[in-house]
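What the coordinates show
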Amino acid sequence: MDNLLSGLGKFGLDEGAANNLFEDANVVTKQNADGSVSKEIAAPKEEDFLLLKAVRCPICDGTFRTIQIKSGRTKRKEPDMDLRPRFEHIDTNKYDITTCPKCGFTAINRYFGHLSSLQTKMIKEGVCDKFKTPPTQEITEIKTYTYDEAIELFKLALYTSVVKKASNSEKAYACLKISWLLRGKMEELAVDKEKNKEAIIATQKEYASFYAQAFEGFVKAMSSENYPMCGMDQSTVDLLIAAMAFNLGKYDYSSRFVSSLIVSRTAGGNIKKRAHELKEKLVERMKNK
Ligand SMILES: [Zn+2]
């Protein structure tokens, strides 16, 4: 192949820079023992999907940097039945949180702004003024969160939502997010079941508590709040409730929502497809009972 950039050498530039123009940046060239050369794709690291973004805190007005997901970089996988989003190489749920290193205000990203002056006052007095030291330090470079670090931040967000007297759906959403993180943690622990036996049991127990609370909160919210709820339209919430009820063994409750989704005039194709999948699971479960 001709050198596409021949002639640029006189500017002190590398004429070979375009030799593998469309090669994946993650391809690594490996020298084999017999002297031959082979190419492998290196698995991307979690930090490859992260970036830092400057944010202003609505409570203390300080600016700081927060970790965010690079949009467009991540590759979506089939979500769990209860809509927990899943991506290749990263659990994006861990980063759906913002915490101010100056005053400690912590919220799930969708709830970080848009506070009334009364809520701001309640958060300042009920959370931020109580911190002896802020719970997190200033972030200066990209870092990954462990599940435990992320779960702690989401618990702070839940605490804050209680203090600011948030809607039931917002509190339920925090519980759901925490249970999704605990599920991710269990998947991580399951890699070495023998070694992590006790941790798995403890995590499972915590998971069950948060999941039950999330379900209760959404059921309450459905009878008193308007849609969209936590960014979800009614049929998405119905599907979520049906899947959560299934996971909690409340099969009759789950069937009711599944049946109405299947005949719904407003539910989209993807929601209906998932409702049918859930129906198959329900039929199977009923048979085994
Ligand atoms: Zn702040």
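Just above, that's the structure.
Starting from 1, residues in each chain are numbered consecutively following that chain's sequence as written. Owing to the predicted nature of the model, reporting of local features is limited to residues with pLDDT of at least 70; listing and counting of side-chain atom pairs is limited to 80 or more, with chain, interface and lining totals taken over all residues. To get the side-chain values, take all heavy atoms of the structure and skip hydrogens and water.

**Side note on the overall build of the protein**
When its secondary structure is counted, the protein shows 7 helices and 8 strands. The globule rule puts the C-alpha radius of gyration for 289 residues at 19 Å, and the 24 Å found for the protein is more than 25% above it. In terms of overall dimensions, the protein has a C-alpha envelope of 70 × 55 × 45 Å along the principal axes. With a 1.4 Å probe rolled over the protein chains alone, any residue whose accessible area is under 20% of its type maximum counts as buried; one over 50% counts as exposed, and the rest are partly exposed. Within the protein, buried positions represent 42% of all 289 residues. Two residues form a contact once any of their heavy atoms are found within 4.5 Å. Counting contacts in the protein only where the partners sit at least 6 residues apart, residues at least 24 apart contribute 59% of the total. When the accessible surface of the protein is summed, it comes to about 16,800 Å², and 51% of that surface belongs to carbon and sulfur atoms. Numbering of helices and strands runs from the N terminus; a helix is a DSSP stretch of H or I covering at least four residues, while a strand is a stretch of E covering at least two. Using C-alpha atoms as the atom set, the radius of gyration is obtained and then compared with a globule rule of 2.2 Å times the number of residues to the power 0.38. For every accessible area listed, the method is Shrake-Rupley and the probe measures 1.4 Å; residues are considered covered only by the protein chains on display.

**Describing the packing of helix α3 (residues 168–189) against helix α4 (residues 197–224)**
Axis separation between α3 and α4 bottoms out at 8 Å; the angle between their running directions is 155 degrees. The orientation of α3 relative to α4 falls into the category roughly antiparallel. Between α3 and α4 the crossing geometry is left-handed. Following the grouping adopted for this structure description, the nonpolar residues are Ala, Val, Leu, Ile, Met, Phe, Trp, Tyr, Cys and Pro, the charged ones are Asp, Glu, Lys and Arg, and the polar ones are all others, Gly among them. Of the residues belonging to the contact of α3 with α4, the class tally is 16 nonpolar, 7 polar and 4 charged. Convention adopted: a line fitted to C-alpha atoms gives each axis, helices being fitted over their contacting stretch, and angles between N-to-C directions are expressed from 0 to 180 degrees. In these notes the angle categories are as follows: under 35 degrees is roughly parallel, over 145 is roughly antiparallel, 65 to 115 is roughly perpendicular, and the rest is oblique. Put simply, a crossing is left-handed when the front helix is turned counterclockwise from the back one by less than a right angle, and right-handed when it is turned clockwise.

**Looking at the side chain of Thr92**
Relative to the helices and strands, Thr92 is located in the loop between β6 (86–87) and β7 (97–99). Apart from the residues lying within four places of it in its own chain, the contact partners of Thr92 are Ile69, Thr74 and Phe87.

**Focus: the nonpolar core**
In summary, soluble globular proteins display a tendency toward joint burial of nonpolar side chains. Ile108, Tyr145, Leu176, Phe218 and Met244 are the most contacted members of the largest nonpolar core, which has 53 residues in total. Mapped by element, the contributors of at least two residues to this core are α2 (147–163), α3, α4, α5 (234–247), α6 (251–263) and α7 (269–288). When sequence neighbours within four positions are dropped, the list of residues in contact with Tyr145 reads Glu46, Ile67, Lys94, Tyr95, Ile97, Ile139, Ala150 and Leu153. Counting 14 residues, the second-largest nonpolar core is a separate cluster that includes Val55, Ile59, Leu115 and Ile123. For this analysis, a nonpolar core means a set of buried residues of the types Ala, Val, Leu, Ile, Met, Phe, Trp, Tyr and Cys, connected via side-chain atoms within 4.5 Å.

**Examining the coordination of the zinc ion**
For Na, K and Ca the donor cut-off is 3.2 Å, and for all other metals it is 2.8 Å, counting N, O and S atoms only; because water is absent from this set, sites may look incomplete. Ligation of the zinc ion by protein atoms is provided by Cys57 (SG), Cys60 (SG), Cys100 (SG) and Cys103 (SG), these donors lying 2.2 to 2.3 Å from the ion. Between 85 and 135 degrees for all angles marks four donors as tetrahedral; over 155 degrees for opposite donors together with 65 to 115 for all other angles marks four donors as square planar and six as octahedral; every other arrangement is irregular. Between the 4 donor atoms coordinating the zinc ion, the angles at the centre fall across 105 to 114 degrees, so the site counts as tetrahedral. Here the donor residues for the zinc ion map to a single chain with the spacing C-x2-C-x39-C-x2-C. On the criterion of sequence distance, the pair formed by Cys57 in the loop between β3 (50–56) and β4 (63–69) and Cys100 in the loop between β7 and β8 (106–108) is long-range, its members being 43 residues apart. The burial state of Cys57 is the same as that of Cys100; both residues are buried.

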